[in-house]
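# Understanding the architecture of this molecule
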Amino acid sequence: MRPVHQLLALLVVVLWGVNFLFIDFGLRDWPPLLLVAARFTFVVIPAILFVKYPRGRFGRILLIGVFMSAGQFSLLYTSLFLGMPVGLSSIVLQIQAVFTVVVAALALREVPSRRQILGVLIGLSGLAVIALSLEASTPVVAFVVCLAAALSWGIGNVIARGVGPSVNGLQMTVWSGLVVPLPMFGLSLLIDGPAEVVHALTHPTWNVVASVVYTAGVASLIGYVIWNSLLARFPASQVAPFTLLVPPVGVGASCLVLGDRPTVPELIGGALLILGVAVTTGVFTTLLRGLRRGGRRRHRTIVECDEPAPVGAAGVREG
């Protein structure tokens, strides 16, 4: 990847890390499920006119939407609404990579490698450190709901394996979002009550507008357009490791804007969790291979430069 492409990947990391802040802004004025419905309404309605219909796998894509879109985000928004800190949620949600390995082993009978088992154990140990160090200001139920969001994401990842390479991430994001708005709106009516929903819809605030515009337009659509363009040009092994930078961005943004200060045990647990995700997904193996390839290319360049210049037609070495 050239520096410009690395900068684009870092831009997406920042967009996705700051996304947690904008979710929090919207939750200050609207109930969580109604905010999820609004977000995916604006993901689907304009984009569905321009994003190619994924033929042949539509049923599976809708099932992905149940877990990866409706399940993940309704639970994540609810977790934040119940008091889960923004920065901590960006860390805990990454346990989805570990859950993906576990779900694949249980549902598909996939035997995890030793590296994946080690990564799962490291990630779960980090999660245990976070769980045991939760402050009184963080409700346990909010932490559990955030874990449920990560599990729903992991299940969606496993289902997505059957889609095939003919469907890209942007198609999946837009078309799987079809299953979100109406069910979330109906659940919000049921849980929050018609009076609160009507009041929210008739009194949108700037917090809500900023939240929906950013999460739908910037994080979901712009973020995925850039991300998928990178995946189309470069191997996933070069692009995917950048996602491990999302939690540090989320923690940093919450510290700067909201004044959140994670405790030392939470930082230690978060570091272990991210390390476990990195081991599980093979990030270190990928980086090591890249360094080896770079070293071989530099070695070939040095050898070529050390060879004598070719002899020209006049018997004089060129250059």
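Residues numbered from 1 in each chain as written. Predicted model: local features only at pLDDT ≥ 70, side-chain atom pairs only at ≥ 80, totals over all residues. Heavy atoms only, no water.

- Naming follows an unreviewed UniProt entry, where the chain appears as O-acetylserine/cysteine exporter of Brevibacterium metallidurans.
- Taken from UniProt, the Subcellular location (unreviewed entry) comment for the chain reads in full: "Membrane".
- Looking at the Sequence similarities (unreviewed entry) heading of the UniProt record, one finds this comment for the chain: "Belongs to the EamA transporter family." (UniProt positions renumbered as here; feature names shortened; annotations may be inferred.)

## Here we look at the overall build of the chain
- Each helix and strand in the chain was counted, giving 15 helices and 0 strands.
- The long-range share in the chain, meaning contacts at least 24 apart out of those at least 6 apart in sequence, stands at 86%.
- Approximately 16200 Å² of the chain is accessible, and the part contributed by carbon and sulfur atoms is 69%. (Helix = DSSP H or I, 4+ residues; strand = E, 2+ residues; numbered from the N terminus. Contact = heavy atoms within 4.5 Å. Areas by Shrake-Rupley, 256 points an atom, 1.4 Å probe, with all protein chains shown as cover.)

## Overview of the packing of aromatic side chains
- Tallied over the full model, the rule gives 8 aromatic pairs.
- Through pairs of rings, three or more aromatic residues link up here, namely Trp16, Tyr224 and Trp227.
- The positively charged end of arginine 39 is found above the aromatic ring belonging to phenylalanine 73, 4.4 Å away from the centroid. (Phe/Tyr/Trp six-rings, centres within 6.5 Å; stacked < 30°, edge-to-face > 60°. Lys NZ or Arg CZ within 6 Å of the ring centre and 35° of its normal.)

## Considering the nonpolar core
- Ranked by internal contacts, the top residues of the largest apolar core, which has 71 residues, are Leu76, Met84, Val92, Ile95, Ile130 and Phe143.
- Among the elements that make up this core, the one with the highest residue count is helix α1 (residues 3-27) (12 residues).
- Counting 16 residues, the second-largest nonpolar core is a separate cluster that includes Val51, Ile61, Val167 and Trp175. (Core = buried A, V, L, I, M, F, W, Y, C linked by side-chain atoms within 4.5 Å. Buried < 20%, exposed > 50% of the residue type's maximum accessible area, 1.4 Å probe, protein only.)

## Let's talk about unusual backbone geometry
- Despite not being glycine, arginine 109 has its phi angle at roughly 60°, a positive value.
- With respect to the element layout, arginine 109 can be found in the loop between α5 (96-107) and α6 (114-132).
- Among the residues examined, arginine 109 registers a relative accessible area of 64% and is labelled exposed.

## So, the side chain of threonine 100
- Looking at where threonine 100 falls in the secondary structure, it is placed in helix α5.
- By relative accessible area, threonine 100 is classed as buried at 9%.
- A polar atom in the side chain of threonine 100 sits 3.1 Å from the side chain of asparagine 157.
- Discounting residues that sit within four places of it in the chain, threonine 100 has contacts with Gly154, Asn157, Val158 and Arg161. (Polar contact = N/O pair within 3.5 Å; in protein donor to acceptor, adjacent residues only side chain to side chain.)

## What to know about the environment of alanine 149
- By the element assignment, alanine 149 lies in helix α7 (residues 140-160).
- Along the backbone, alanine 149 and serine 74 are 75 residues apart, and their C-alpha atoms lie at a distance of 7.8 Å.
- Apart from the residues lying within four places of it in its own chain, the contact partners of alanine 149 are Gln72, Leu75, Leu76 and Leu93.

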